[in-house]
Amino acid sequence: MSHKSGASGSYTLSRKAKWFSSWNSYLFVLPALVFMVIFIGFPLIYNLIMSFQNVNVYNLSGKHDFIGFANYMKSLKDPVFYTALQNSVVFTVLSLFFQFTIGFALALFFNLKFPGRNLFRSLMLLAWMLPVVISGTVFQWMMSGDFGVINYFLQTLGIIDHPINWLSEGSTALLGTVVANIWIGIPFNMIILLSGLQGLPDHLYEAAKLDGANRLVQFRHITLPLMRPTILVLLILGIINTFKVFDLIFIMTSGGPVTSSTVLPIYAYQMSFTTLEFSQGASVSMIMFLILIVISIVYLRMSSKEEVH
Amino acid sequence: MTKTKWRSAGGTLIGILIMIVFLFPVYWMVKTSVTPVTELYHNPPHILPVAATFESYINNFVRNQDMIGYIGNSFIIAAGTMILSLLLSVPAAYALARLSIKGKALIMISVLSIQMLPGIMMAMPLYIMFSKVQLIDNFAGLIFADLIHSLPFAIITLRPFFLALPGGLEEAAKIDGCNKFTSFTKIILPLVKPGLMTVGAFCFLFGWGDFIFALTLTSSNEVRPLTLGLYRFIGQYGTEWNNLMAVATLAALPIIIIFVSMQKYVVGGVTAGAMKD
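An unreviewed UniProt entry lists chain B under the name Sugar ABC transporter permease, with Paenibacillus vini given as the organism. Listed in UniProt under the heading Subcellular location (unreviewed entry), the comment for chain B reads: "Cell membrane". As stated in UniProt under Sequence similarities (unreviewed entry), the record for chain B gives "Belongs to the binding-protein-dependent transport system permease family."

In the nomenclature of an unreviewed UniProt entry, chain A corresponds to Sugar ABC transporter permease from the organism Paenibacillus vini. In UniProt, chain A has this text filed under Sequence similarities (unreviewed entry): "Belongs to the binding-protein-dependent transport system permease family."

Trainee: With reference to specific residues and values, describe the domain arrangement of chain B.
Mentor: We note that the domain assignment places domain 1 (1-25) and domain 2 (72-275) within chain B. Each of domain 1 of chain B and domain 2 of chain B has a C-alpha centre, and these two points are 36 Å apart.

Trainee: So, the confidence of the model for chain B: which residues are in play, and what are the values?
Mentor: Per-residue confidence for chain B averages 88 on the pLDDT scale, and 96% of its residues sit at or above 70. When the elements of chain B are averaged for pLDDT, helix H15 (residues 263-275) of chain B gives the smallest value, 66, and helix H12 (residues 212-217) of chain B the largest, 95.

Trainee: Lay out the interface of chain B and chain A with the relevant residues and their values.
Mentor: Tallying the contact residues gives 98 residues for chain B and 95 residues for chain A. Of the roughly 8900 Å² buried where chain B meets chain A, counting both sides, 83% is carbon and sulfur surface. Run the count over chain B and chain A and you get 10 residue pairs in polar contact (both at pLDDT 80 or more). The residue inventory of the side of chain B that touches chain A, partitioned by class, reads 73 nonpolar, 17 polar and eight charged.

What counts as what
Residues numbered from 1 in each chain as written. Chains lettered and ligands numbered in written order. Predicted model: local features only at pLDDT ≥ 70, side-chain atom pairs only at ≥ 80, totals over all residues. Heavy atoms only, no water. UniProt positions renumbered as here; feature names shortened; annotations may be inferred. Domains from an automatic or database assignment. pLDDT = per-residue confidence, 0-100. Helix = DSSP H or I, 4+ residues; strand = E, 2+ residues; numbered from the N terminus. Contact = heavy atoms within 4.5 Å. Buried area = accessible area lost by both parts, 1.4 Å probe. Polar contact = N/O pair within 3.5 Å; in protein donor to acceptor, adjacent residues only side chain to side chain. Nonpolar A, V, L, I, M, F, W, Y, C, P; charged D, E, K, R; others polar.

What follows is the structure in structure tokens.
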């Protein structure tokens, strides 16, 4: 009723603003906020507190003492931590490099006009959308030593002369998970880069053509500079998402043999759920979290600089 | 004229070749699932199916019904994740896009940074919290955990859909006698249906594909989803890859169905969710 009378009277700006800003606007965000505080904020704080305590499976329901940075020191003294850190870096760098370059090449290709390209483009996304458990299992089968089809292809092509147990040999296990992760990540990189490419203005290329610039010159001097913001966002998102990959490696190798494919998330999992040293695990995930925060800050810095340009 | 025709035919041909190479793992999964055991260990392997059989499907879904239970659980978890994500994210995304509330920037930054959290970092505190309130081995517990990733995604993806609506819709609704809530449900929501479809599909996929929370927050088969069933199956059956691939294919089927039927929404959602931040 009151709304109606307000509308029939003079409809002032302040009334309009009031309608948007009155207290019941908060009711729209409240459920989501309450959820996030309980199920995200609280566990995060709990994790932080635990990382400074001595909680393990034996004293879980009892009293816990604060032990300062002891868990962090212990993690930082564990040689496995450094193996995991190194594996994480190798996994992330190799995955991203190939996901990005292959994804970019495919994006350039699918940016050409030919029949069927929309269908192909969507089909590729299917690989990205499959649950990681499924892709991981399929790659495990393809990479198996005796009857794996990858060994068959490589032997037929003459690249290797005897079958390799890709996932059960220390020297190749991490590489095997990287290959599977590259496959999973290519479509995402391709789609994002493709949508960036499609936003580039045609007239620049036409002008360049008139000036006699060949494709390579066009790519270097038009495509790359204009794609810079997209590429930056994609790479940073890629680093964050690849650094925290857990399922794929857990399914394919469980971090083994021994620790040869143990990355930081696997190491944190083993601390928390295998040896049941909860506080120790909490300290590892806090360190991981700090690394991701640093990367994100670098990202924010870079993207704000981008905006200035 | 003919030159461009040749070029576009060449493009299609190369495209087909890329598809064959890239989608080979998916093909190999389906092919292995219909391969009889005797063929499975044939060396060299046959790339095309020889003597296809549905034996492994019958083994795993008719004779042994464990997998049926896992599939049912996956549906409950995925549907629950989708419904709860939409219920919480839709009004929140609307308010963050079109209403004036204090702390909007802070909320957006928090939502964005939640996406950065490693799953394992959440799994351990959730495990301890949930064991104190009987949410371990509980569908609700798994759905809540899956929302950690799907809710921020849903908010971030939906907000641009609300932003893109023309201004003045609410004023018009108000003149027609709507209040803030009825204008939202009656006028605004029908206009963002494509966004709801995209987000709904993705949240379902998140719930269906979750592994880390299923691994850490369940201990009984009563609530375990198919992803965990498949994983346990690897340990149990070792190298019976035809059985494993039959289960994997069936686990992939809902994804393929959603993908094919909602292609338009899904492709849009990938770019929207990732870049609108």
